[in-house]
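Architecture and fold: a report
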Amino acid sequence: QVQLVESGGGLVQPGGSLGLSCAATGSIFSIGTMAWHRQTPGKQRELVAEVAIGGNTNYADAVKGRFTISRDNTKNMVYLQMNSLKPEDTAVYYCNAQLAPRYGPRMSYWGQGTQVTVSS
């Protein structure tokens, strides 16, 4: 079974830093764009950052200059380094990937989500 497994998250003070990791596991043929999204209660899930296979990135305006997305194609992993965290960054963060399992169709896959809480 192909799946995305997230790690990281937790409680951090405003101005602090936190790093998230996500690994794509199983029998995988190929992985396209990988991304991080976040969601708070009562709000739609929003794109935080995404990174293409070649390394081109795109960030939400709210996190530009503070967050960095990166990937390791040899490990099928994507990372999100979050610096200068603000209370409004509090959300459940979800890993996402455009992924084709071996002998299966390319689809959008999601991780289980990890809670990030920024509070003093």
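All of the points below concern the structure found in this document. (Residues numbered from 1 in each chain as written. Predicted model: local features only at pLDDT ≥ 70, side-chain atom pairs only at ≥ 80, totals over all residues. Heavy atoms only, no water.)

As a further point, take the overall build of the protein chain. Secondary structure summary: the protein chain contains zero helices and 11 strands in total. C-alpha extents for the protein chain along the principal axes are approximately 50 × 25 × 25 Å. When each of the 120 residues of the protein chain is scored for burial, the buried share is 41%. Look at the contacts in the protein chain between residues 6 or more apart in sequence, and 56% of them connect residues 24 or more apart. As displayed, the protein chain has an accessible area near 6400 Å², and 48% of this comes from carbon and sulfur atoms. (Helix = DSSP H or I, 4+ residues; strand = E, 2+ residues; numbered from the N terminus. Buried < 20%, exposed > 50% of the residue type's maximum accessible area, 1.4 Å probe, protein only. Contact = heavy atoms within 4.5 Å. Areas by Shrake-Rupley, 256 points an atom, 1.4 Å probe, with all protein chains shown as cover.)

Each regular strand displays side chains that alternate between the two surfaces of the sheet. Side chains Thr114, Val116 and Val118 of strand E11 (residues 114–118) all project onto a buried face; the interleaved residues Gln115 and Thr117 project onto a face where none is buried. Pairing of strand E2 (residues 10–12) with E11 involves three bridges; the strand directions are parallel. By the bridge assignment, Val12 is partnered in E11 with Val118. Of the strand pairs in this sheet, strand E9 (residues 91–101) and E11 are connected by three bridges, and their pairing is antiparallel. Its bridge partner being in E11, Tyr93 is matched across the sheet by Thr114. (Pairing = 2+ DSSP bridges.)

Our focus in this paragraph is the pattern of salt bridges. Taken as a whole and judged by the stated rule, the model has four salt bridges. The salt bridge involving Glu46 is made with Arg38; its shortest N-O contact spans 2.8 Å. On the basis of relative accessibility, which here comes to 38%, the residue Glu46 falls in the partly exposed class. The residue Lys64 makes a salt bridge to Asp61 at a minimum N-O spacing of 3.1 Å. (Salt bridge = Lys/Arg side-chain N within 4 Å of Asp/Glu carboxyl O.)

Turning our attention to the packing of aromatic side chains. Geometry of an aromatic ring pair is reported as the spacing of the ring centres plus the angle between the planes. Under the defined criterion, the tally for this structure stands at zero aromatic pairs. Directly above the aromatic system of Tyr94 lies the positively charged group of Arg45, at a separation of 3.7 Å from the ring centroid. (Phe/Tyr/Trp six-rings, centres within 6.5 Å; stacked < 30°, edge-to-face > 60°. Lys NZ or Arg CZ within 6 Å of the ring centre and 35° of its normal.)

Summed over the entire model, instances satisfying the criterion amount to one disulfide. Sulfur-sulfur distance for the disulfide between Cys22 and Cys95 comes to 2.1 Å. Between Cys22 and Cys95, the S-S dihedral sits near -80°, and the bridge is therefore left-handed. Of this pair, Cys22 sits in strand E3 (residues 18–25) while Cys95 sits in strand E9, and the two are 73 residues apart along the sequence. Residue classification places Cys22 among the buried residues on the basis of a relative accessible area of 0%. Given a relative accessible area of 0%, Cys95 falls into the buried group. (Disulfide = S-S within 2.5 Å.)

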